[in-house]
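# Geometric and topological summary
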Amino acid sequence: MGFILRLRIDGGDDGVPEEPESGREQPEQVTKPSAGEGTSVEDMTGAGTTEEEPMGDDSSVVLVKRRIPERILLGSGTAGGRDVYWEFGHPDLPNRHILLFGASGTGKTYTIQALLCELGKAGQNSLIVDYTNGFTNKQLEPIVIEKLNPKQHVIRREPLAINPFRRQYDFIDDMQLEEDPATTAQRVSGVFAEVYQLGDQQKSALYNAIRDGVAREGNRFNLQRLMDKLDDIRNAGGPTANSAATVISKIQPFVDMNPFGEEDVESWEKLFTDPGSRCHIIQLAGFMKDTARLITEFSLIDLYWYYRARGNKDNPKVIVLDEIQNLDHRLDSPLGQFLTEGRKFGISLILATQTLSNLDKDQRDRLFQASHKLFFKPADTEVRSFAQILADATNGRIDEWVERLSSLKRGECYSLGYALNESTGKLEVSKWFKIRIKPLEQRF
C-alpha cells in the first residue's frame, strides 16, 4: 500500500517526448440511434466508431469496434516543454486512476472537463456522480456541452434505477455465488451507519430489519418495506424498540425523498455505451448533504458489483468523483475497492479533493495508489501536507515544495505519474513536471 509515495524520482523537468496516438480496438455492444435522432458525438468529433456489423435479426444493435485511448493530453511544460500525458491505455500502467489535489478555484474541475473531452474524442464514455452540484449544465464549459452532449440524470425528477437491497453475486470460475441475506444486511446497514453515525444498538436493529426483510421478500424488499420492518420492531417493545425508533427518525427524511425507482439492472451499461452522449451525470442537486452522500454510496456499491461480475480491464469505465474527502474511504467501501482492485474490472477513476486531513494513513495510502496525480495550488492549511507528499515522492525538500506549490497560478499544476519512454515504448516512473493544462478551445 502507498508504494508511490516512496519511489525515488529524478529531478524536475517540463515535458516528455510526444508519441503518436495508438490504441487497441475492443468490441462493444451499443444501441444504435434511430434515424432522425440528430448528430452523434462521433459526427462532431470525428472519433469513435470504426466499424459496424448487424448482430442477429435485431437491426437496432450493432457491434462497434473502438479503441482504448492510449494517451490523454494533460498540458505542456510551463517553460515551453513538450506535452505531458496521462498514459491511459498503456498495458503496463498499474491502474487507470488519476487524482487531482488543490484548493477551490485552482482549475481542478476545468481539468476534469478537459480529460472527459479527450476521452470522448476517442469514443470513451464517462459517468459523473455529482453530489457537489459542480457539474450542472450551468457549471459546464460551453464547449463541453457542444462536444460531449452530456446528459443530466436529475434524481429529484428521475429516481435512480437501482435497488440497494439487491442480493449481489460474485463468480468463482463459472460458478455464480449469490449473497446471503446476512451479507446484504451487513453491507446496507454499514452504509447507513457510516453516514448517520449510528450506535451499535441502532445498527443492530437496522441490520435485523434488513436481514429478515431480504430473506423473506428477496429483491422486492425496498426502503418503504424497511420502514415497516423497523416499525414492527418498535411496536413489539423489548430492548431494541428504542433503537429502532431512533433509526426511523434518522432515515425517514431519506426515504421520503424517494431516491430509488424501478430497478433496471442494465442501466449502468446503457450509460457507458450510449453513442449519442459521451458523458452522463447522476445529478444530485436539491438533496441534503447526507441524502446525496447515501445515494452516491449506494450507486457506487451497485456499480462495483455490476462490473465486478461483468467488467474486464480491456473495456474501461470512467467514473468521476469530486470532493472525495466526503466519501467513505474504508477498505470495504466501494471507493476503497475501486482503488485496490478496480483495474481488473475496467474501472477508471478521476478523483478530486481539496484536503486529506480527515483521512487516516491507510486511507491516504489507498488513495495514492492512483497511478497519476496532479497537484494544483493547495489551500494555505494544506500546503505543507501536500509538499510533504511531493518531497517524499521526489526525494526533495519540503520547504522547496511549499514554495513551488504556493507559487502556482490557476490552471498550473505539478504532474506526477508514469511517462512513456519514446525509444523503448515502455512506461517509466515519471520525473515531476510543472505543466499548464491545455485550454479546451485548443483541444479540438
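For every chain, the first residue of the written sequence is number 1, and numbering continues from 1 along that sequence. Where local features are concerned, this predicted model is filtered to residues with pLDDT of at least 70; where side-chain atom pairs are given and counted, the filter is 80 or more; whole-chain, interface and lining totals use all residues. In computing side-chain properties, one takes all heavy atoms of the structure into account and sets aside hydrogens as well as water.

### Observations regarding the pattern of salt bridges
When charged atoms on two side chains of opposite charge get close, those side chains can pair. Salt bridge, as used here: a side-chain nitrogen of Lys or Arg that lies within 4 Å of a carboxyl oxygen of Asp or Glu. By the definition in use, this model includes 25 salt bridges. With a closest N to O distance of 2.8 Å, aspartate 170 and arginine 308 form a salt bridge. Of this pair, aspartate 170 sits in strand 9 (residues 169-172) while arginine 308 sits in helix 9 (residues 289-310), and the two are 138 residues apart along the sequence. Ionic pairing is found between glutamate 217 and arginine 225, a salt bridge with its closest N-O pair at 2.7 Å. Judged by its relative accessible area of 29%, arginine 225 falls in the partly exposed class. Overlapping salt bridges bring together Glu194, Arg293, Glu297, Asp328 and Arg330 as one network. In this description a helix means any DSSP run of H or I spanning at least four residues, a strand means any run of E spanning at least two, and both kinds are numbered starting from the N terminus. Only protein chains enter the accessibility calculation, which uses a 1.4 Å probe; a residue is then buried when its area is under 20% of its type maximum, exposed when over 50%, and partly exposed in between.

### Considerations on the nonpolar core
For this analysis, a nonpolar core means a set of buried residues of the types Ala, Val, Leu, Ile, Met, Phe, Trp, Tyr and Cys, connected via side-chain atoms within 4.5 Å. Membership of the largest hydrophobic core comes to 84 residues, with the highest contact counts inside it found for Phe192, Leu230, Phe298, Leu321 and Phe375. With 11 residues, the top contributor of residues to this core is helix 9. Discounting residues that sit within four places of it in the chain, phenylalanine 298 has contacts with Ile162, Pro164, Val188, Val191, Phe192, Phe254 and Phe260. By size, the runner-up hydrophobic cluster in this structure holds 37 residues, among which are Trp86, Leu100, Ala114 and Cys117. Contact definition: two residues touch when any of their heavy atoms are within 4.5 Å.

### Description of the sheet that holds strand 4 (residues 72-77)
When DSSP finds two or more bridges between two strands, those strands count as paired. The 11 strands lie next to each other as 5-4-18-15-14-6-13-12-7-11-8, forming an open sheet whose pairing is mixed. Strands with a single pairing partner mark the edges of an open sheet, and in this sheet they are strand 5 (83-86) and strand 8 (151-154). Here the strands of the sheet are splayed against their neighbours by 25° on average, with no regard to which way each runs. Angles here are taken between N-to-C directions and fall from 0 to 180 degrees, while the axes themselves are lines fitted to C-alpha atoms, restricted in helices to the stretch in contact. Strand contacts of helix 9: strand 7 (126-130), strand 12 (317-321) and strand 13 (347-353), with the helix running at about 165° to strand 12, the strand carrying the most contacts. Of the strands in this sheet, strand 12 and strand 13 touch helix 10 (residues 334-341), which is tilted by about 120° from strand 13.

### With respect to the packing of aromatic side chains
For this analysis, a ring pair means two rings from Phe, Tyr or Trp (six-membered ring only for Trp) whose centres lie within 6.5 Å, classed as stacked if their planes differ by under 30 degrees, edge-to-face if by over 60, and tilted for the remaining angles. Enumeration over the complete set of coordinates arrives at 19 aromatic pairs. Note on phenylalanine 272 and tyrosine 307: the rings are 5.9 Å apart at their centroids and 80° apart in plane angle, and the pair reads as edge-to-face. With phenylalanine 272 in helix 8 (residues 267-272) and tyrosine 307 in helix 9, the pair connects residues that are 35 residues apart, well separated along the chain. The burial state of phenylalanine 272 is the same as that of tyrosine 307; both residues are buried.

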